[in-house]
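Given next are the chains, with one letter for each unit.
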Amino acid sequence: MPKSAEKTATYEDIYRVPENMIGEIIEGELIVTPRRMRRRLQVASFLEGELVPPYRFGRGGPGGWVIYDEPEIHLGKDVLVPDLAGWKEERLSTLPDEHRFTVSPDWVCEILSPSTARIDRIRKMSIYALHEVQYAWIIDPSLMTLEVFQLKSSN
């Protein structure tokens, strides 16, 4: 029996996602997940507070980075919303006029929850690698773990 044709998600589908949810398009599929709950929100807030002073402003760190909370990143046909993402200033010298980022970030951070873990670990990580995101962090608040990934050249 032939498989029925599935509708490819469009950006218009994201506009129909309720405000308390996050809509992403991954490999043509609309993925809807809940916005951060208490634990993930605490981790994201703490991490942003720790990273922005040294990486954005150079207080005790290198400076020269732009870091955003839940940016909407358009990578080819995929629309991803990591918990945090960062760009070196020279790669993102002018901010977009709207909320869409079309330049691949240099770093992303995904904070896992039971409803996002599989998507974040498997589907999104491969897209980040395909679009040459150099660093990716996965934080699991329930296990209190941080996994750090760096994209390596196959040359």
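What counts as what
- Residues numbered from 1 in each chain as written.
- Predicted model: local features only at pLDDT ≥ 70, side-chain atom pairs only at ≥ 80, totals over all residues.
- Heavy atoms only, no water.
- 1 Å grid on protein atoms, 1.4 Å probe; cavity = no way out; pocket = protein on both sides within 12 Å on 5 of 7 lines; lining within 4 Å.
- Points joined across faces, edges and corners; volume = space filled by probe spheres on them.
- Helix = DSSP H or I, 4+ residues; strand = E, 2+ residues; numbered from the N terminus.
- Nonpolar A, V, L, I, M, F, W, Y, C, P; charged D, E, K, R; others polar.
- Buried < 20%, exposed > 50% of the residue type's maximum accessible area, 1.4 Å probe, protein only.
- Pairing = 2+ DSSP bridges.
- Core = buried A, V, L, I, M, F, W, Y, C linked by side-chain atoms within 4.5 Å.
- Salt bridge = Lys/Arg side-chain N within 4 Å of Asp/Glu carboxyl O.
- Expected span 1.5 Å × (residues − 1).
- Bend = angle between axes of the 7 residues up to and from the residue.
- Phe/Tyr/Trp six-rings, centres within 6.5 Å; stacked < 30°, edge-to-face > 60°.

1. Observations concerning empty space enclosed by the protein
Enumeration according to the criterion identifies 1 cavity of 30 Å³ or more in this entry. Volume-wise, the largest cavity comes out at about 100 Å³. Lining the largest cavity are 13 residues, with Thr 33, Arg 40, Val 81, Thr 116 and Lys 124 positioned closest to its centre. Breaking the lining of the largest cavity down by element, the ones donating at least two residues are β1 (21-26) and α3 (117-130). The residue makeup of the lining of the largest cavity, split by class, is 4 nonpolar, 2 polar and 7 charged.

2. Description of the pairing of strand β8 (residues 107-111)
Among the 5 residues in β8, 5 count as buried, and that is most of the element. With burial as the criterion, each face of β8 is covered, one bearing Trp 107, Cys 109 and Ile 111 and the other bearing Val 108 and Glu 110. Here strand β6 (residues 84-88) pairs with β8 via 3 bridges, running antiparallel. Bridging from a neighbouring strand, Ala 85 pairs with Val 108 of β8.

3. Here's the deal with the nonpolar core
Ranked by size, the top nonpolar core spans 19 residues in total, and within it Ile 26, Ile 73, Leu 75, Leu 80, Trp 87, Val 108 and Tyr 128 carry the most contacts. When residues in this core are grouped by element, the largest group, 4 residues, is from α3. Counting 12 residues, the second largest nonpolar core, distinct from the first, contains Trp 65, Ile 67, Ile 111 and Trp 137.

4. Remarks on the pattern of salt bridges
Oppositely charged side chains may form a pair once their charged atoms are brought near each other. What the rule picks out here adds up to 16 salt bridges. In this structure, the salt-bridge partner of Glu 147 is Arg 121, at a minimum N-O distance of 2.4 Å. Highlighted residues: Glu 147 in strand β10 (residues 145-150) and Arg 121 in helix α3, separated in sequence by 26 residues. A single network of salt bridges, built from pairs that share partners, joins Arg 35, Arg 36, Arg 40, Asp 69, Glu 70 and Asp 83.

5. Some words on α3
An α-helical turn contains 3.6 residues, so a residue and the one three or four places further along point in the same direction. For α3, built from 14 residues, the straight-helix expectation of 20 Å at 1.5 Å per residue is met to within 8% by its first-to-last C-alpha distance of 19 Å. Along α3, the sharpest change in direction is near 35° and occurs at Lys 124. Within α3, the full set of buried residues consists of Ile 119, Asp 120, Lys 124, Met 125, Ile 127 and Tyr 128. One or two steps after α3, the chain reaches Glu 132, where phi turns positive at roughly 60°.

6. Looking at the packing of aromatic side chains
Throughout the structure, instances matching the rule amount to 6 aromatic pairs. Measuring from ring centre to ring centre gives 5.2 Å for Tyr 11 and Tyr 15, while their planes differ by 85°; the resulting arrangement is edge-to-face. Taken together, the positions of Tyr 11 and Tyr 15, both in helix α1 (residues 11-15) and 4 residues apart, correspond to about one turn of that helix. Taking 4.7 Å as the distance between ring centres and 20° as the angle between the ring planes, the aromatic pair formed by Trp 87 and Phe 101 counts as stacked. One end of the pair, Trp 87, is in strand β6; the other, Phe 101, is in strand β7 (residues 100-101), with 14 residues separating them in the sequence. Assigned by exposure class, Trp 87 and Phe 101 land together as buried.

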